[in-house]
Amino acid sequence: MSATETAPARPATLDEVPGWFHRLDQQLFAFFLEATAERGGDVLEMGCYLGKSTIVMGRHVREGETFTVCDLFGDESQGSYSREETRDFYQKTLSLRAFETNYLAFHDTLPTIVRGRTNVLADSIPADSCRFVHIDASHMYEDVSVDIDTTREILRPHGVVALDDYRTEHTPGVSAAVWEAVFAKGMRPVCVSGSKLYATWGETAGLQERLRAWAADVPTCTLAEDLIDGEVMLRLAAKKPRPKPAAKPAPEQTAPKPAAPAAAPKVPVQAAPAAQAPPAGRSPARRIALNVLPPVITRAVRRAKRG
């Protein structure tokens with residue numbers, strides 16, 4: 001490590017390790033690694049990126065078994081490994097030191113590491129020795145085809161191979177090599193997930209029967225069946241979570257009606273004073289007549305009356 005290079009961060013959980021290894025495939029790796037362990041054998045991974053799948057595989061390696069990992073770890077090589085995609089992406093992110101840091105965050109010892117192209121494995125891995133192989137290295141048809149041929153020689157009859165990117169749109173070379181192996185090289189699909197195809201050169205019925213029972217107990221998994229050239233292949237998918245029901249809209253808040261103005265206090269209506277009764281002996285008509293006469297005449301009338 002150079003003086004300016006910083007040490008890779010040590011992950012605390014598997015989710016913190018970069019990589020494309022979905023939860024369903026993590027569960028399927030565990031299933032097949034345990035199922036094949038009953039009759040023993042070694043474990044091999046071709047292409048590991050930063051170790052996410054390697055960490056899961058390492059949990060199921062038993063005492064006395066050899067776990068081998070092969071990857072370029074950022075080294076540029078001749079041929080299809082030196083494509084622009086490899087140079088521009090993997091070399092910027094992948095390093096052996098980062099892989100080792102990630103793996104040792106979960107395990108005490110490293111697997112056997114082969115730094116180079118996967119085509120060297122045909123001469124270094126004994127025939128009929130492996131029970132589980134993960135192929136996730138080059139995306140080129142020629143390379144994947146060689147990786148499958150190597151796996152056919154080193155895999156035990158009960159062994160299982162997991163092939164990544166068998167249907168991804170940007171890896172048609174992988175798809176071509178995988179389906180060629182099915183129709184021309186005797187490889188028999190056991191099941192597929194959204195990302196990986198799991199196959200064997202042995203019998204599939206027993207594995208599929210156990211897989212059906214396993215899937216029935218996994219609430220996050222759905223299972224269906226297909227026929228490929230007359231043979232059953234199981235299809236597993238992660239169950240999509242149900243969307244949460246939309247929250248009911250809050251009732252519209254209507255503006256409170258303005259309070260009615262307080263009624264003005266009722267002012268008691270005073271009754272008009274009763275009209276005074278005219279003095280005795282004077283009729284109303286006479287009183288009115290006196291009131292409307294000129295004052296001079298009125299005084300004269302009053303004096304005459306007194307006289």
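It should be emphasised that the depicted structure is a prediction, and the values quoted were computed from it without experimental measurement.

Caption draft 1: Region of the structure containing the overall build of the chain. Within the chain one finds nine helices and nine strands. A separation of at least 24 residues holds for 70% of the contacts in the chain among residues at least 6 apart in sequence. Per element, the accessible surface of the chain, about 18500 Å² overall, is 55% carbon and sulfur.

Caption draft 2: Broad picture of helix α6 (residues 172–184). Taking 1.5 Å as the rise per residue, α6 with 13 residues should run 18 Å; its terminal C-alpha atoms sit 18 Å apart, in good agreement. For α6, every residue scored as buried is listed here: G173, V174, S175, A177, V178, A181 and V182. Looking at the buried positions of α6, the neighbouring elements they touch are α5 (141–154), β5 (155–164), β6 (188–192), β7 (196–200) and β8 (221–228). A positive phi of about 80° marks G186, the residue just after α6.

Caption draft 3: Focus on empty space enclosed by the protein. In total, this model carries one cavity of 30 Å³ or more according to the counting rule given. Here the largest cavity defines a volume of roughly 50 Å³. What lines the largest cavity is simply I135, D136, A137, S138, H139, V144, L163, D164 and V174. Of the residues belonging to the lining of the largest cavity, the class tally is five nonpolar, two polar and two charged.

Caption draft 4: Examining the packing of α5 against α6 more closely. Here α5 crosses α6 at 35°, and the two axes come no closer than 8 Å. When you trace α5 past α6, the crossing you get is right-handed. The residues of α6 that touch α5, namely those facing Y141, V144, S145 and I148, are G173, V174, A176, A177, V178, E180 and A181. A per-class count over the contact of α5 with α6 returns eight nonpolar, two polar and one charged.

Caption draft 5: A look at the pairing of strand β1 (residues 42–46). Among the five residues that make up β1, five are buried, leaving the element largely enclosed by the rest of the structure. Going residue by residue along β1, you find D42, L44 and M46 tucked away on one face and V43 and E45 tucked away on the opposite face as well. Judged from the five bridges that link them, β1 and strand β4 (residues 130–135) form a sheet pairing that is parallel. Along β4, the bridge assignment pairs V43 with F132. Relative to strand β2 (residues 67–71), β1 is paired through four bridges, and the arrangement is parallel. Residue pairing across strands places V43 opposite F67, the latter belonging to β2.

Caption draft 6: Highlighting the nonpolar core. F29, F32, F132, Y198, L211 and L236 are the most contacted members of the largest nonpolar core, which totals 33 residues. Mapped by element, the contributors of at least two residues to this core are α1 (23–37), α2 (52–58), β2, α4 (96–104), β5, β6, α7 (205–216) and β9 (231–238). Aside from chain neighbours lying at most four places away, what touches L211 is L28, F31, F32, C191, L223, L234 and L236.

Caption draft 7: Representation of the environment of M57 within the structure. In this fold, M57 is placed in helix α2. Overall, the relative accessible area of 0% leaves M57 in the buried class. Taking the C-alpha atoms as reference points, M57 and V133, separated by 76 residues in sequence, lie 9.9 Å from one another. With residues up to four places along the chain from it excluded, the contact list for M57 reads F29, L33, V43, L44, E45, F67, F132 and H134.

Caption draft 8: Broad picture of the pairing of β2. Burial within β2 is extensive, with five of its five residues counted as buried. Every second residue of β2 is oriented toward a common face, with F67, V69 and D71 on one face and T68 and C70 on the other, all of them buried. As judged from the four bridges shared by β2 and strand β3 (residues 112–115), these two strands associate in the parallel manner. By the bridge assignment for β3, T68 is matched with T112.

Caption draft 9: Looking closely at the sheet that holds β5. One open sheet accounts for nine strands, arranged β3-β2-β1-β4-β5-β7-β6-β9-β8; its pairing is mixed. Where the open sheet ends on each side, the last strands, each with one partner, are β3 and β8. In this sheet, neighbouring strand axes are inclined to one another by 20° on average, regardless of whether the strands run parallel or antiparallel. Sheet analysis places β6 next to β9, joined by two bridges and oriented parallel. Note that in β9 the partner of V192 across the bridge is R235. Strand contacts of α7: β5, β6, β8 and β9, with the helix running at about 25° to β9, the strand carrying the most contacts.

Thresholds applied
- Residues numbered from 1 in each chain as written.
- Predicted model: local features only at pLDDT ≥ 70, side-chain atom pairs only at ≥ 80, totals over all residues.
- Heavy atoms only, no water.
- Helix = DSSP H or I, 4+ residues; strand = E, 2+ residues; numbered from the N terminus.
- Contact = heavy atoms within 4.5 Å.
- Areas by Shrake-Rupley, 256 points an atom, 1.4 Å probe, with all protein chains shown as cover.
- Expected span 1.5 Å × (residues − 1).
- Buried < 20%, exposed > 50% of the residue type's maximum accessible area, 1.4 Å probe, protein only.
- 1 Å grid on protein atoms, 1.4 Å probe; cavity = no way out; pocket = protein on both sides within 12 Å on 5 of 7 lines; lining within 4 Å.
- Points joined across faces, edges and corners; volume = space filled by probe spheres on them.
- Nonpolar A, V, L, I, M, F, W, Y, C, P; charged D, E, K, R; others polar.
- Axes fitted to C-alpha atoms, helices over the stretch in contact; angles between N-to-C directions.
- Left-handed = near helix turned anticlockwise from the far one by under 90°.
- Pairing = 2+ DSSP bridges.
- Core = buried A, V, L, I, M, F, W, Y, C linked by side-chain atoms within 4.5 Å.

Spatial relationships are all this shows, so hold off on functional conclusions.
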